[in-house]
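Coordinate inspection notes
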Amino acid sequence: MKPLNIGLVGYGFMGRTHSNAYASVNHFFDLEYRPVLKAVCGRDAAQAKTFADRWGYESIETDWRALIKRSDIDAIDICTPNNLHKEIAIAAAEAGKMVLCEKPLSMDTAEGELMCEAVEKAGVANTVWYNYRRVPAVSLAKQLIDEGRLGRIFHYRAQFLQDWTISADLPQGGTALWRLDAAAAGSGVTGDLLAHCIDTALWLNGGMQSVTAMTETFVKERTHTLTGKVEKVGIDDACAFMCRFDNGSLGLFESTRYARGHKALYTLEINGEHASIRWDLHDLHRLEYFDHRDDSLVRGWRSVHVTDGDMPYMKHWWVPGLQIGYEHSFIHQVADFLAGIAAGTPVSPTFREALETQKVCDAVLASGKDRAWHEV
Ligand code: SOE
């Protein structure tokens, strides 16, 4: 097997999901490449060392520029807050490194465009970690839609509900809480949660034409960890939007971090002329399917347990009936990335494909401000 030397930037939640994927992938997938955990980079040397020891990284760096300069690194994996994606990705591409970037691609479309230009000019493999596409049930939904089983699509509905920022005592900034700081995150639930829903929607249902949105910031001021002062909150705590897709269907999206009782409830439903599908992250190994062409006496919603070997990705795992979970979506993304570089084919979503999500996010946020319809 050929080694692919990974340099990971950032050791938070996503640093863990990606490291787990690199460590596991060759146990389950037959691939030409094997990720080698060469270096992890973070500002705090002690924490980087602890992370490196736990996950098996050979070395640490405390400056991402030093990591990028290293000749023993093939691919840079960006797991930092969003405001660092652009600079790191462009520098990595210019140094000839492959780039894997955590979602969302960028703070906005303008930044994302520069990132696309950089990886395309350098001709380096690139991908954005929109992991939910690779949950087998979601991949199966894609297969059923592409086979035409749903027929003409009328409606696309998605929600991503959480409840972890309701307390006004939470500061903005700091570990994980950078998601509450507009300067680090770019936006709130739109870029963090709806971006997932939008990416899946563009993949399953095609491009969006226009959007109109409603956003709200429920807690207007929070202490900032950098200044220690109470400062205005610049992120959207909740966002709902309607859209028109290129295929004529109508979309309805909602996301919030103020839905008490919901931790990470990502649900989607698609209604077509012949059939509908429904998926729920809290029950991620199942795909609900209703087909109007069924015999009327037994017609109803089927709950398909997505564990059989002929279903997407499942032949690599256990035996039929035994399900997999959240972390496997990242393993699938690494497997597809490694297969892509072996074959010399792009791995979806590329930066250019993920830029489409960025364009929708920008239009949604603009509409949240002026309450008008915006073209994407
Ligand atoms: C936020 O809580 C978060 O961790 C997102 O940043 C992830 O992208 C999402 O998958 C789960 O929720």
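By convention here, each chain's residues receive numbers from 1 onward along its written sequence. Selection of residues for local features in this predicted model requires a pLDDT of at least 70, selection of side-chain atom pairs for listing and counting requires 80 or more, and totals for whole chains, interfaces and linings are taken over all residues.

Concerning the environment of glycine 56
Going by this rule: In this description a helix means any DSSP run of H or I spanning at least four residues, a strand means any run of E spanning at least two, and both kinds are numbered starting from the N terminus. Buried, partly exposed and exposed are defined by the number of other C-beta atoms within 10 Å of a residue's own C-beta, namely 20 or more, between the two limits, and 12 or fewer respectively, with C-beta atoms placed from the backbone. A pair of residues counts as a contact when their C-beta atoms, built from backbone coordinates, are separated by no more than 7 Å.
Position of glycine 56 relative to the elements: it lies in the loop between α2 (45-55) and β3 (59-61). On the basis of neighbour counts, which here come to 12 C-beta atoms within 10 Å, the residue glycine 56 falls in the exposed class. As for glycine 56 and lysine 263, which are separated by 207 residues in sequence, their C-alpha atoms are 30 Å apart. Those residues in contact with glycine 56 that sit more than four places away from it in its chain are Ala23 and Leu37.

Things to note about the domain arrangement of the chain
For the record, the criterion: Domain segmentation is taken from an automatic or database assignment of domains. Side-chain classes follow a simple rule in which Ala, Val, Leu, Ile, Met, Phe, Trp, Tyr, Cys and Pro form the nonpolar group, Asp, Glu, Lys and Arg form the charged group, and the remainder, Gly included, forms the polar group.
Taken as a whole, the chain is organised into domain 1 (2-131) and domain 2 (133-375). Computed from C-alpha atoms alone, the centre-to-centre distance between domain 1 and domain 2 is 23 Å. The interface of domain 1 with domain 2 comprises 39 residues on the first partner and 40 residues on the second. Contributing elements (two or more residues each) for the side of domain 1 that touches domain 2: α1 (13-28), β2 (33-41), α5 (109-122) and β6 (126-129). Examining the composition of the side of domain 1 that touches domain 2, we find that 9 residues originate from one element, α1, more than from any other. Class assignment for the residues of the side of domain 1 that touches domain 2 results in 22 nonpolar, 13 polar and 4 charged.

Side note on α5
Definition in use: Expected helix span is computed as 1.5 Å times (number of residues minus one). For this quantity, the arc is that covered by the directions from the helix axis to the C-beta atoms.
With 14 residues, α5 extends 20 Å between its outermost C-alpha atoms, agreeing within 8% with the 20 Å of an ideal straight helix rising 1.5 Å per residue. Among the residues making up α5, those that are buried are Glu111, Gly112, Met115, Cys116, Ala118 and Val119. Angularly, the buried residues of α5 cover 160° about the axis, an arc narrow enough to put them on a single face. Across α5 from its buried face, at more than 90 degrees, point the exposed residues Ala110 and Lys121. Buried residues along α5 sit against α4 (85-94), β5 (98-102), β6 and α10 (351-370). Taken from the residues just after α5, glycine 123 is the one with a positive phi, measuring 65°.

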